[in-house]
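Chain residues, written in single-letter form:
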Amino acid sequence: CLTILCDIVHASEVTREALWVNDGMTFYFNLLVSELPYWQKYILIAIEGWLAGAKDKGRVEVELLRADSLKAIVNVLKGANVELLQGILKPLLDMLKRSTHLCQALGQAAQFVEALVVRLSGDVYRSFRVDMLKILKLLFEQSEHPEELLTQHNLYPLMEELARDESMVLVS
């Protein structure tokens, strides 16, 4: 049943409108913060699909930029185990590519950037690291104050460390 509810957003504009009228975005965010981590990947894919709809982008962005929505996204990244991390990075990256406003808001969310830094500093799979670096790059590129982002989160030493790490040959 949840699979259908997560996939239905991709059906059509009419379907997304029906979801909107019935408070579907709130439903998705309630699921995102629930104790069902398995579904977080699918919920993020659904929200990203909704954000992709040209007609829906503006109002979806408004919902994404609410404090509780941003907090939910931050908490998903912070709480993701390795298995879940693999599933959430791609839809999260796609959401950030589609929404400059979301990218800027998460770039200003210290806990989000810190969660990325902790994960990048840790022992994670290289394929995860590529997506996390892409997310960090988007945050930097879309930031209104990129220098502050670098200094506030001490990103120079991290990037230098990653660049020196011979095992960190990345292909993107």
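Everything below is about the structure shown above.
Residues numbered from 1 in each chain as written. Predicted model: local features only at pLDDT ≥ 70, side-chain atom pairs only at ≥ 80, totals over all residues. Heavy atoms only, no water.

The subject of this paragraph is the packing of helix α4 (residues 40-52) against helix α5 (residues 57-64). One can describe the packing of α4 onto α5 by two numbers: an axis separation of 7 Å at closest approach and a directional angle of 140°. The angle between α4 and α5 places the two elements in the oblique class. On α5, the residues that touch I47, W50 and L51 of α4 are K57, V60, E61 and L64. When grouped by side-chain class, the residues that make up the contact of α4 with α5 number five nonpolar, no polar and two charged. (Axes fitted to C-alpha atoms, helices over the stretch in contact; angles between N-to-C directions. Helix = DSSP H or I, 4+ residues; strand = E, 2+ residues; numbered from the N terminus. Parallel < 35°, antiparallel > 145°, perpendicular 65-115°, else oblique. Contact = heavy atoms within 4.5 Å. Nonpolar A, V, L, I, M, F, W, Y, C, P; charged D, E, K, R; others polar.)

For the rest of this paragraph, the subject is the nonpolar core. Counting residues in hydrophobic clusters, the biggest one holds 54 residues, and the most contacted among them are L64, I73, L106, F112, I135 and L139. Ignoring sequence-local partners within four residues, the contact set of I135 consists of L89, L92, L93, L96, F112 and L116. (Core = buried A, V, L, I, M, F, W, Y, C linked by side-chain atoms within 4.5 Å. Buried < 20%, exposed > 50% of the residue type's maximum accessible area, 1.4 Å probe, protein only.)

Of note, E17 is situated in helix α2 (residues 13-21). Note on E17: relative accessible area 28%, which makes it partly exposed. At 2.5 Å, the side chain of E17 and the side chain of R59 are in polar contact. (Polar contact = N/O pair within 3.5 Å; in protein donor to acceptor, adjacent residues only side chain to side chain.)

This paragraph deals with the packing of aromatic side chains. Geometrically, a pair of aromatic rings is defined through the distance of the ring centres and the angle of the planes. Inspection of the entire model under this criterion finds six aromatic pairs. Judged by centre distance (5.9 Å) and plane angle (90°), the rings of Y28 and W50 are edge-to-face. A residue pair is termed long-range when its members are at least 10 positions apart, and Y28 in helix α3 (residues 24-32) and W50 in helix α4 qualify at 22 residues. Pair check on accessibility: Y28 and W50 agree, each one buried. Measuring from centroid to centroid gives 5.1 Å for Y38 and W39, while their planes differ by 90°, and the two rings are edge-to-face. Owing to a relative accessible area of 54%, Y38 belongs among the exposed residues under this scheme. Members of the aromatic cluster, connected to one another through ring pairs, are W20, F27, Y28 and W50. (Phe/Tyr/Trp six-rings, centres within 6.5 Å; stacked < 30°, edge-to-face > 60°.)

Of note in this structure, D23 is not a glycine but carries a positive phi near 60°. Following the sequence through the fold, D23 ends up in the loop between α2 and α3. Judged by relative accessible area, D23 falls into the partly exposed class, the value being 45%. The backbone of N154 shows a phi angle near 55°, a positive value even though the residue is not glycine. As for its placement among the helices and strands, N154 is situated in the loop between α11 (146-152) and α12 (155-164).

On to the pattern of salt bridges. Pairing between side chains becomes possible if they bear opposite charge and their charged atoms approach one another. Under the definition given, this model contains eight salt bridges. We note a salt bridge from D56 to R16, for which the minimum N-O separation is 2.8 Å. In this pair, D56 sits in the loop between α4 and α5 while R16 sits in helix α2, placing the two residues 40 residues apart along the sequence. Comparing D56 with R16, the two get one shared label, buried. When the shortest N-O distance is used, the salt bridge between R59 and E17 registers 2.5 Å. (Salt bridge = Lys/Arg side-chain N within 4 Å of Asp/Glu carboxyl O.)

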